[in-house]
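Geometric and topological summary
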Amino acid sequence: MRLIMLGAPGAGKGTQAAKVAAKYQIPHISTGDIFRANIKNGTELGKKAKSYMDAGGLVPDELVCDLVADRIAQEDCSRGFILDGFPRTIPQAEALDAAVEKLGTKIDYAVDIEVPDENIIERMGGRRACLSCGATYHIMFNAPKKDGICDTCGGELVLRDDDKPETVKKRLDVYHTQTQPLIDYYSARGNLLEVDGTQGLEDVFASIVGKLGE
Ligand code: AP5
Ligand code: MG
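Values in this document were obtained by computation on a predicted structure and should not be read as measured data.

1. A look at the site of ligand 1
Taken together, 36 residues lie around ligand 1, and Thr 15, Gly 57, Arg 88, Arg 127 and Arg 171 are the ones closest in. Within the backbone of Gly 12, one N or O atom sits 3.1 Å away from an oxygen atom of ligand 1. In this structure, Val 59 approaches ligand 1 through a main-chain N or O atom, which is 3.0 Å from a nitrogen atom. Burial of ligand 1 by the surrounding chains reaches 97%, relative to a free accessible area of 1,000 Å². For the shell around ligand 1, the secondary-structure elements that each account for two or more residues are helix H1 (13-24), helix H2 (31-40), helix H6 (117-125), strand S6 (136-138) and helix H9 (201-212). Here the residues of the shell around ligand 1 are counted per class, giving 14 nonpolar, 14 polar and eight charged.

In structure tokens form, the structure reads like this:
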């Protein structure tokens with residue numbers, strides 16, 4: 001199964017993509033996590049991406065399209081994958097179409113998690129992210145077993161640099177202008193699945209599985 005996760009910042013893409021990846025046994029590929037790992041390791045890519053991310057803007061398409069095309073061509077993606085945070089612009093969606101076509105396959109579904117902006121601001125302040133494995137928690141809605149420590153890998157949990165309220169507002173603006181048009185893009189292709197993301201975590205997951213099939 002080849003899937004894309006669409007939705008505003010904080011809609012729950014990462015949370016749900018991790019669960020979907022585990023259920024269908026496919027790799028979870030988050031471009032945001034890839035950039036954060038590169039920033040942590042001080043790579044050239046990380047240095048280039050950091051200023052855009054900290055400002056709440058998008059990293060330029062040319063830094064992300066080839067990276068994803070290479071990643072989905074790897075052996076572990078031969079049975080499918082779930083992309084979280086890519087594509088985010090129409091040129092990225094076109095680049096993805098070209099990349100999957102080259103592999104002789106196609107995107108099966110784009111899952112859009114819908115959450116109004118008001119709910120997002122509340123969620124972001126409580127989010128904690130693992131710097132080592134990318135797992136996501138929420139201090140109220142999805143707390144780790146031990147404060148500040150990742151349940152999965154024991155890594156340190158932090159508030160992301162771009163989760164300050166003013167940066168979240170900027171990210172929402174960028175989402176509405178540059179990423180939301182992808183909903184029409186995938187709807188026109190007949191493979192858009194829309195899910196109400198204001199439900200609890202497990203109910204959102206059940207809705208996604210209900211649409212994708214067991
Ligand atoms: P990225 O890391 O992709 O961030 P984002 O899209 O802004 O989305 P988030 O990760 O903030 O939110 P999410 O939808 O994953 O929600 P989560 O599950 O964590 O990108 C970061 C930056 O990298 C971008 O701004 C850009 O600069 C750059 N970038 C990345 N990809 C790019 C690309 N393709 N092109 C260009 N630039 C790119 O959930 C949020 C919180 O809510 C958590 O605390 C969670 O526990 C909680 N929560 C989740 N679901 C629920 C629920 N149902 N009820 C209550 N709480 C919930
Ligand atoms: Mg995420």
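Next comes the rest of the account.
2. Some words on the pairing of strand S5 (residues 127-130)
Both S5 and S6 contribute to a ladder of three bridges, which runs antiparallel. Opposite Ala 129, over in S6, you have Thr 136 as the bridge partner. From the end of S5 to the start of S6, which pair antiparallel, there are five residues, and Gly 134 there has a positive phi angle of about 85°. Note that S5 and strand S7 (residues 157-158) share two bridges and pair antiparallel. The partner of Cys 130 across the bridge, within S7, is Leu 157.

3. Here's the deal with the sheet that holds strand S1 (residues 2-7)
Within a sheet, adjacent strands bond to each other through the backbone by hydrogen bonds, running parallel or antiparallel. Taken together, five strands build an open sheet; the order of strands is S2-S3-S1-S4-S8 and the sheet is parallel. Each edge of the open sheet carries a strand with a single partner, namely strand S2 (28-30) and strand S8 (192-196). Across this sheet, the average inter-strand angle for adjacent strands is 20°, counted without regard to direction. Here S1 runs beside strand S4 (residues 109-114); their pairing, made up of five bridges, is parallel. Each bridged residue has a counterpart across the sheet, and for Ile 4 the counterpart in S4 is Ala 110.

4. Remarks on the packing of H2 against helix H4 (residues 61-72)
A pair of packed helices can be characterised by two numbers: the angle between their axes and the separation between those axes. Where H2 contacts H4, the axes come no closer than 11 Å and their chain directions differ by 105°. Looking at the two axes, H2 sits roughly perpendicular to H4. Of the residues in H4, those touching H2 at Thr 31, Ile 34 and Phe 35 are Leu 63, Val 64, Leu 67 and Val 68. Residues belonging to the contact of H2 with H4 are distributed by class as follows: six nonpolar, one polar and no charged.

5. Quick word on the nonpolar core
Counting residues in hydrophobic clusters, the biggest one holds 53 residues, and the most contacted among them are Val 20, Ile 72, Leu 96 and Tyr 186. It is H4 that provides the largest number of residues to this core, a total of six residues. Counting five residues, the second largest nonpolar core, distinct from the first, contains Cys 130, Ala 135, Tyr 137 and Cys 150.

6. Some points on the environment of Gly 56
Tracing the backbone through its elements, the reader meets Gly 56 in the loop between helix H3 (44-54) and H4. Looking at Gly 56, the relative accessible area reads 5%, which means it is buried. Through-space distance from the C-alpha of Gly 56 to that of Phe 35 is 13 Å; in sequence the pair is 21 residues apart. Not counting residues within four places of it along the chain, the set of residues in contact with Gly 56 comprises Thr 167, Lys 170, Arg 171 and Val 174.

7. Concerning the layout of surface pockets
When its volume is computed, the second largest pocket comes out at roughly 250 Å³. In terms of lining residues, the second largest pocket is bounded by Arg 36, Ile 39, Lys 40, Lys 50, Met 53, Asp 54, Leu 131, Val 158, Leu 159, Arg 160, Asp 161 and Asp 162. Secondary structure elements with two or more residues in the lining of the second largest pocket: H2 and H3. Grouping the amino acids of the lining of the second largest pocket by side-chain chemistry returns five nonpolar, no polar and seven charged.

8. Quick notes on unusual backbone geometry
Following Phe 86, the chain continues into Pro 87 via a peptide bond in cis, with omega recorded as 0°. Mapped onto the secondary structure, Pro 87 falls in the loop between strand S3 (81-84) and helix H5 (90-102). The backbone of Gln 25 shows a phi angle near 55°, a positive value even though the residue is not glycine. Locating Gln 25 in the fold gives a position in the loop between H1 and S2.

Reading guide: rules and limits
- Each chain has its residues counted from 1, following the order in which its sequence is written.
- Chains carry letters from A onward and ligands carry numbers from 1 onward, assigned in written order.
- At least 70 in pLDDT is required for a residue's local features to be given in this predicted model, at least 80 for side-chain atom pairs to be given and counted, and no such filter applies to totals for whole chains, interfaces and linings, which use all residues.
- Only hydrogens and water are set aside; all other atoms, that is, all heavy atoms of the structure, feed into the side-chain values.
- Summary of the distance rule: residues count as near a molecule or strand when at least one heavy atom falls within 4 Å of that molecule or strand.
- Within 3.5 Å is the distance limit for a polar contact, defined as a pair of N or O atoms, with the added protein rule that one can donate a hydrogen and the other accept it, and that residues adjacent in sequence qualify only through two side-chain atoms.
- Here, Shrake-Rupley sampling with a 1.4 Å probe gives the accessible areas, and only protein chains in the shown set may cover a residue.
- Each helix is a run of H or I in the DSSP string that is no shorter than four residues. Each strand is a run of E no shorter than two, and both are numbered from the N terminus.
- Under the convention adopted here, Pro, Cys and the residues Ala, Val, Leu, Ile, Met, Phe, Trp and Tyr are nonpolar, Asp, Glu, Lys and Arg are charged, and Gly plus all remaining residues are polar.
- When DSSP locates at least two bridges between a pair of strands, those strands are taken to pair.
- Note on geometry: axes are lines fitted to C-alpha atoms, helical ones only across the stretch in contact, with angles between N-to-C directions running from 0 to 180 degrees.
- Orientation is classified from the angle alone, with under 35 degrees giving roughly parallel, over 145 giving roughly antiparallel, 65 to 115 giving roughly perpendicular, and any other angle giving oblique.
- Note on contacts: a residue pair is in contact if any heavy atoms of the two residues lie within 4.5 Å.
- Note on terminology: a nonpolar core comprises buried Ala, Val, Leu, Ile, Met, Phe, Trp, Tyr and Cys residues joined through side-chain atoms within 4.5 Å.
- Note on exposure labels: buried denotes an accessible area under 20% of the residue type's maximum, exposed denotes more than 50%, and partly exposed covers the range between, all computed with a 1.4 Å probe on protein chains only.
- With a 1 Å grid laid over protein atoms only, a set of points is called a cavity when a 1.4 Å probe fits there but cannot get out and a pocket when it is open yet has protein on both sides within 12 Å along at least five of seven lines; lining residues have an atom within 4 Å of a point.
- Grid points are joined across faces, edges and corners, and a volume is the space filled by probe spheres set on the points.

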